[in-house]
Amino acid sequence: MGRLFLMHLEGKVYSCKHCRTHLGVAPDIISKAFHCKHGKAYLFNKVVNVTVGVKEDRMMITGMHTVSDIFCVGCGSIVGWKYESAHEKSQRYKEGKFILERFKVSGPDGSHYWVTHDAHVGGSDVDDV
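Starting afresh in each chain, residues are numbered from 1 along the sequence in its written order. Per-residue local features are limited, in this predicted model, to residues with pLDDT of at least 70; the limit for side-chain atom pairs, both in listing and counting, is 80 or more; totals at the level of whole chains, interfaces and linings are taken over all residues. With hydrogens and water set aside, each side-chain value is computed from the structure's full complement of heavy atoms.

Visitor: Before we move on, could you go through the pattern of salt bridges and cite the residues and values that matter?
Guide: Note on definitions: salt bridges are taken to be side-chain nitrogens of Lys or Arg within 4 Å of carboxyl oxygens of Asp or Glu. Summed over the entire model, instances satisfying the criterion amount to four salt bridges. Here Arg 58 and Asp 69 are joined by a salt bridge, their closest N and O atoms 2.6 Å apart. Note that Arg 58 is positioned in strand 5 (residues 50-60) and Asp 69 in strand 6 (residues 63-72), a separation of 11 residues in sequence. The closest approach of N and O atoms between Glu 95 and Arg 92, which form a salt bridge, is 3.9 Å. Where helices and strands are cited, they refer to DSSP runs of H or I of at least four residues and of E of at least two residues respectively, numbered from the N terminus.

As structure tokens, this is what we get:
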């Protein structure tokens, strides 16, 4: 196995809750109004230290999207997904953007997001209601 090179971020950093690998910074958050099966999720303009999985179509609250799961390069955990394409014209702003699930990452202050009993358990996407 080769040597693993990781990007080290400065500022308010979101990191993998399992291995603390840096994933993104607060200024790159586009929206905190997204939801996934574990609760809250944040839409990021860019993330680092992830590998992108296989593309697949998923039906979400806002319609059909082609997405790829993203994995932490430090430990291999799924930390969210990348929007590859949106089938609805109004959703195309998400293309090329990344979702980090709050349940799977630590916040800038080291905090963890815990699933509550009222967490949305359906499809994943922004809460438009």
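So that's the structure; there's more coming.
Visitor: How would you sum up unusual backbone geometry? Please name residues and give values.
Guide: A negative phi holds for most residues other than glycine; trans holds for most peptide bonds. One non-glycine residue with positive phi stands out, namely Arg 20, at about 70°. Although it is not a glycine, Asn 49 sits at a positive phi angle of roughly 60°. Within the secondary structure layout, Asn 49 lies in the loop between strand 4 (39-44) and strand 5.

Visitor: Please provide a residue-by-residue account of the sheet that holds strand 1 (residues 13-16), values included.
Guide: Taking strand neighbours across the sheet as the criterion, the three strands line up as 2-1-9 in an open arrangement whose pairing is antiparallel. Single-partner strands in this sheet number two, and they are strand 2 (22-25) and strand 9 (105-106). Relative to strand 2, strand 1 runs antiparallel, the two being bridged by three bridges. Looking across to strand 2, one finds that Val 13 is bridged to Val 25. A pair of strands is treated as paired once DSSP finds two or more bridges between them.

Visitor: Which residues make up the pairing of strand 3 (residues 29-36), and what are the values?
Guide: Examined bridge by bridge, strand 3 and strand 4 share five bridges and lie antiparallel to one another. Along strand 4, the bridge assignment pairs His 35 with Lys 40. The turn linking strand 3 back onto strand 4 is made up of two residues.

Visitor: Give a description of the environment of Glu 88 that names residues and reports values.
Guide: Residue position: Glu 88 is located in the loop between strand 7 (78-86) and strand 8 (98-101). Placed 26 residues apart in sequence, Glu 88 and Thr 62 show a C-alpha to C-alpha distance of 8.3 Å.

Visitor: Go over the packing of aromatic side chains with me, naming the residues and quoting the values.
Guide: Pairing of aromatic rings covers Phe, Tyr and Trp, the last counted by its six-membered ring, and requires centre-to-centre distances within 6.5 Å; plane angles under 30 degrees mean stacked, over 60 mean edge-to-face, and any other angle means tilted. Evaluated as defined, the whole model comprises three aromatic pairs. With centroids separated by 5.8 Å and ring planes inclined at 85°, the aromatic side chains of Tyr 14 and Tyr 42 adopt a geometry described as edge-to-face. Placement of the pair is Tyr 14 in strand 1 and Tyr 42 in strand 4, with a sequence separation of 28 residues. Ring geometry for Trp 81 and Tyr 83: centres 6.2 Å apart, planes at 75°, overall edge-to-face. No difference in accessibility class separates Trp 81 from Tyr 83, as the two residues are buried. Chaining the aromatic ring pairs together yields one cluster made of Tyr 14, Tyr 42 and Phe 44. For every residue, the accessible area obtained with a 1.4 Å probe (protein chains only) is divided by the maximum for its type, and the residue is called buried under 20%, exposed over 50%, and partly exposed between those limits.

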